[in-house]
Amino acid sequence: MADSPKESRIEAIQAAYHVGYMNEEVRISYKKDVKLTVGAVAVDAKEGDMSSLPRWVAKILVEQGAVEIQSGDTAGYISRTLNRERIARPHDLSGIDVDFYVRVNDHLDTLRERERENLSVSLNTFVASRLEKIVKLAAASPLSAELESKLAAEEKELYHAIHEASVEFKKGVLKKFG
């Protein structure tokens, strides 16, 4: 079965933000001597050195056991974001980064199965809460600049789709009276 146009648009949005995310520089520490050149990226480091590399290069080196990413506290970042949404008023969306879901999915890939399951439960509650709020807001009005700044890229696409569908629905059911 072919993907719907909305699904493919969201996938395209995620793919674009994923490219940006993977090209971000991350701090790494070398666990062994490394000397390599990949495109425009050249590395000549000794065990114990620290440097910054694009995330995609760092991930390859992690798989080889050559480096350790000195990432910020991704788990804490996700937890804080989930908690802000949990304590937000029922009609208010807390602000999240435009690439939040890309970051979450990358983090989920690094977790053991049990940790991934626990986080997935919390993420499902988070997404359900945001979805409910977005549906209500999108059915009522077009996306404002203030609200847009609080949404992830995928959520902006969802908002626009729901708003357009809502406008068409109202026109259809209220024909002469709308």
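Bear in mind that the values here come from a model prediction, so they are computed numbers and not experimental data.

So, how was this worked out
Residues numbered from 1 in each chain as written. Predicted model: local features only at pLDDT ≥ 70, side-chain atom pairs only at ≥ 80, totals over all residues. Heavy atoms only, no water. Helix = DSSP H or I, 4+ residues; strand = E, 2+ residues; numbered from the N terminus. Buried < 20%, exposed > 50% of the residue type's maximum accessible area, 1.4 Å probe, protein only. Polar contact = N/O pair within 3.5 Å; in protein donor to acceptor, adjacent residues only side chain to side chain. Phe/Tyr/Trp six-rings, centres within 6.5 Å; stacked < 30°, edge-to-face > 60°. Lys NZ or Arg CZ within 6 Å of the ring centre and 35° of its normal. Pairing = 2+ DSSP bridges. Axes fitted to C-alpha atoms, helices over the stretch in contact; angles between N-to-C directions.

Digging into the side chain of Lys-133
Here's step 1: Mapping Lys-133 onto the fold places it in helix 5 (residues 113-140).
Here's step 2: Exposure remark for Lys-133: the relative accessible area of 6% places this residue in the buried category.
Here's step 3: Side chain to side chain, Lys-133 and Glu-85 meet in a polar contact 2.7 Å long.

Quick look at the packing of aromatic side chains
Here's step 1: Applying the stated criterion to the full structure yields four aromatic pairs.
Here's step 2: With 5.3 Å between their ring centres and 75 degrees between their planes, Phe-100 and Tyr-101 make a pair best called edge-to-face. The pair Phe-100 / Tyr-101 is uniform in exposure class, with both members buried.
Here's step 3: An aromatic cluster of three or more residues is present, and its members are Tyr-77, Phe-100, Tyr-101 and Phe-126.
Here's step 4: Stacked on the ring of Tyr-21, the Lys or Arg Arg-55 has its end atom at 3.9 Å from the ring centre.

Looking at the sheet that holds strand 1 (residues 25-30)
Here's step 1: Within the open sheet, the three strands sit side by side as 4-1-5. Their pairing is antiparallel. Each of the sheet's edge strands pairs with one partner strand only, and the pair in question is strand 4 (50-54) and strand 5 (67-69). Geometrically, the sheet is characterised by an average inter-axis angle of 40 degrees between neighbouring strands, direction not taken into account.
Here's step 2: Pairing geometry for strand 1 and strand 4, over five bridges, is antiparallel. Looking across to strand 4, one finds that Arg-27 is bridged to Ser-52.

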